[in-house]
Amino acid sequence: QVQLVESGGGLVQPGGSLRLSCAASASIFSIFTMGWYRQAPGKQRELVARITSGGSTNYADSVKGRFTISRDNAKNTVYLQMNSLKPEDTAVYYCNAERYCRGNVCYEGSWGQGTQVTVSS
């Protein structure tokens, strides 16, 4: 199972930027569809952005035009660049690797431990 470690969270003022990183342990990182999710207090975890092994991306409507997901397969890392941050972006952000199957071979997905992002003046 791939292990994921997030970093880059912190406290930022409204309108500011942060870049989250998620480092994966597996050399097969490139086959996984990777995603960033977030969970605010009292709310369900929600998808923020997702990137396939081929580089196709999709975003939650609330972050379109402000957040960018990218990946560097040579570094086994996925990133989330967050610009124009708003207080409502405050949440714990989690990295996810989706389960991958090809034929009879499957690789289980996993979650990172989360990193706190707080947007406040």
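Above this text sits the structure in question.
Quick caveat: nothing in here was measured; it's all calculated off a predicted structure. Position numbers for residues count from 1 along each chain, tracking the sequence in the order it is written. Reporting of local features is limited, given that this is a predicted model, to residues whose pLDDT is at least 70; pairs of side-chain atoms are given and counted only at 80 or more, and all residues count toward the totals for whole chains, interfaces and linings. Values shown for side chains rest on all heavy atoms present in the structure; no hydrogens or waters enter the calculation.

1. Describing the state of the cysteines
When the sulfur atoms of two cysteines come within 2.5 Å, that pair is taken as a disulfide. Applying the stated criterion across every chain yields a total of two disulfides. Linked covalently through their sulfurs, Cys22 and Cys95 form a disulfide whose S-S length is 2.1 Å. The sign of the -80° torsion about the S-S bond sets the Cys22-Cys95 disulfide as left-handed. Note that Cys22 is positioned in strand β3 (residues 18-24) and Cys95 in strand β9 (residues 91-97), a separation of 73 residues in sequence. Relative accessible area decides the class of each residue, using a 1.4 Å probe on protein chains only: under 20% of the type maximum gives buried, over 50% gives exposed, and in between gives partly exposed. Classification of Cys22 by relative accessible area gives buried; the value is 0%. Here Cys101 pairs with Cys106 through a disulfide, and the sulfurs are 1.9 Å apart. Torsion about the S-S bond of the Cys101 and Cys106 cystine: about 115°, corresponding to right-handed handedness. A residue is classified by how much of its surface remains accessible, and Cys101, at 37% relative accessible area, is partly exposed. Described in terms of the sequence order of its bonded cysteines, the disulfide pattern of the protein chain is 1-2, 3-4. The helix and strand labels rest on DSSP assignments: H or I over at least four residues marks a helix, E over at least two residues marks a strand, and numbering proceeds from the N terminus.

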